[in-house]
Amino acid sequence: MLQAFPFDSFFTLFFVLFVIILILSVLTTFLRIFRRPRGVESTEEGTVVVKEREIIREIVKIRCPYCNNLYDEKYDKCPHCGGKRKP
Ligand SMILES: [Zn+2]
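Residues numbered from 1 in each chain as written. Predicted model: local features only at pLDDT ≥ 70, side-chain atom pairs only at ≥ 80, totals over all residues. Heavy atoms only, no water.

A. A look at the overall build of the chain. Within the chain, the regular secondary structure consists of one helix and four strands. By the burial criterion, 7% of the 87 residues in the chain qualify as buried. Long-range contacts, defined here as pairs at least 24 residues apart, represent 0% of the contacts in the chain between residues at least 6 apart. By element, 61% of the accessible surface of the chain is carried by carbon and sulfur atoms, the whole surface being about 8,600 Å². (Helix = DSSP H or I, 4+ residues; strand = E, 2+ residues; numbered from the N terminus. Buried < 20%, exposed > 50% of the residue type's maximum accessible area, 1.4 Å probe, protein only. Contact = heavy atoms within 4.5 Å. Areas by Shrake-Rupley, 256 points an atom, 1.4 Å probe, with all protein chains shown as cover.)

Structure representation (structure tokens):
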């Protein structure tokens, strides 16, 4: 089907594709620079070495509606006053 295209249309198509690929490659290069995680470095060979992995431990605290103290969400009751957790 490409042979049916006139030369101008084919050239325009090729040019648009070329521009899109160029923009995409520039974008991925920028994203690789700015979104590189900490501890990950590229070597000269281009392989990525993960040196350390950050472990994020999330602790959710709940404020007791009775005594206004903060306590861990793993508890069913408030350890300070024994008040029941809100559903
Ligand atoms: Zn309480």
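B. Quick peek at a nonpolar patch on the surface. A grouping of Phe10, Phe14, Phe18, Leu22, Val26, Phe30, Ile33 and Phe34 is seen on the molecular surface, where their side chains present a nonpolar patch of about 860 Å² in accessible area. On the accessibility criterion, Ile33 (52% relative accessible area) is exposed. (Patch = residues over 30% accessible without salt bridge, like charges linked within 9 Å, V, L, I, M, F, W, Y side chains within 5 Å. Salt bridge = Lys/Arg side-chain N within 4 Å of Asp/Glu carboxyl O.)

C. Region of the structure containing the coordination of the zinc ion. For the zinc ion, the full set of protein donor atoms is Cys64 (SG), Cys67 (SG), Cys78 (SG) and Cys81 (SG), and the range of their distances to it is 2.2 to 2.3 Å. What the four donor atoms of the zinc ion show is an angle range of 108 to 112° at the metal, which sorts the shape as tetrahedral. If you list the donors of the zinc ion from N- to C-terminus, the spacing comes out as C-x2-C-x10-C-x2-C. Taken as a pair, Cys64 in the loop between strand 3 (61-63) and strand 4 (70-72) and Cys81 in the segment after strand 4 lie far apart in primary sequence, 17 residues in all. (Donors = N, O, S within 2.8 Å, 3.2 Å for Na, K, Ca; no water. Tetrahedral: all angles 85-135°; square planar, octahedral: opposite > 155°, others 65-115°.)

D. Inspection of the side chain of Asp72 at higher detail. When you line up the elements, Asp72 lands in strand 4. At 4.5 Å, Lys61 is the nearest oppositely charged side chain to Asp72, a buried residue that forms no salt bridge. Ignoring any residue separated from it by four or fewer positions in sequence, one finds Asp72 in contact with Ile59, Val60 and Lys61. (Lys, Arg positive; Asp, Glu negative; His and termini not counted.)

E. Summary view of unusual backbone geometry. One non-glycine residue, Asn68, lies in positive phi territory at about 70°. Relative to the elements of secondary structure, Asn68 occurs in the loop between strand 3 and strand 4.

F. Seen up close, the environment of Asn69. Here Asn69 lies in the loop between strand 3 and strand 4. Placed 12 residues apart in sequence, Asn69 and Cys81 show a C-alpha to C-alpha distance of 9.0 Å. If near-sequence neighbours (up to four positions away) are discounted, Asn69 is found in contact with Ile62, Arg63, Cys64 and His80.

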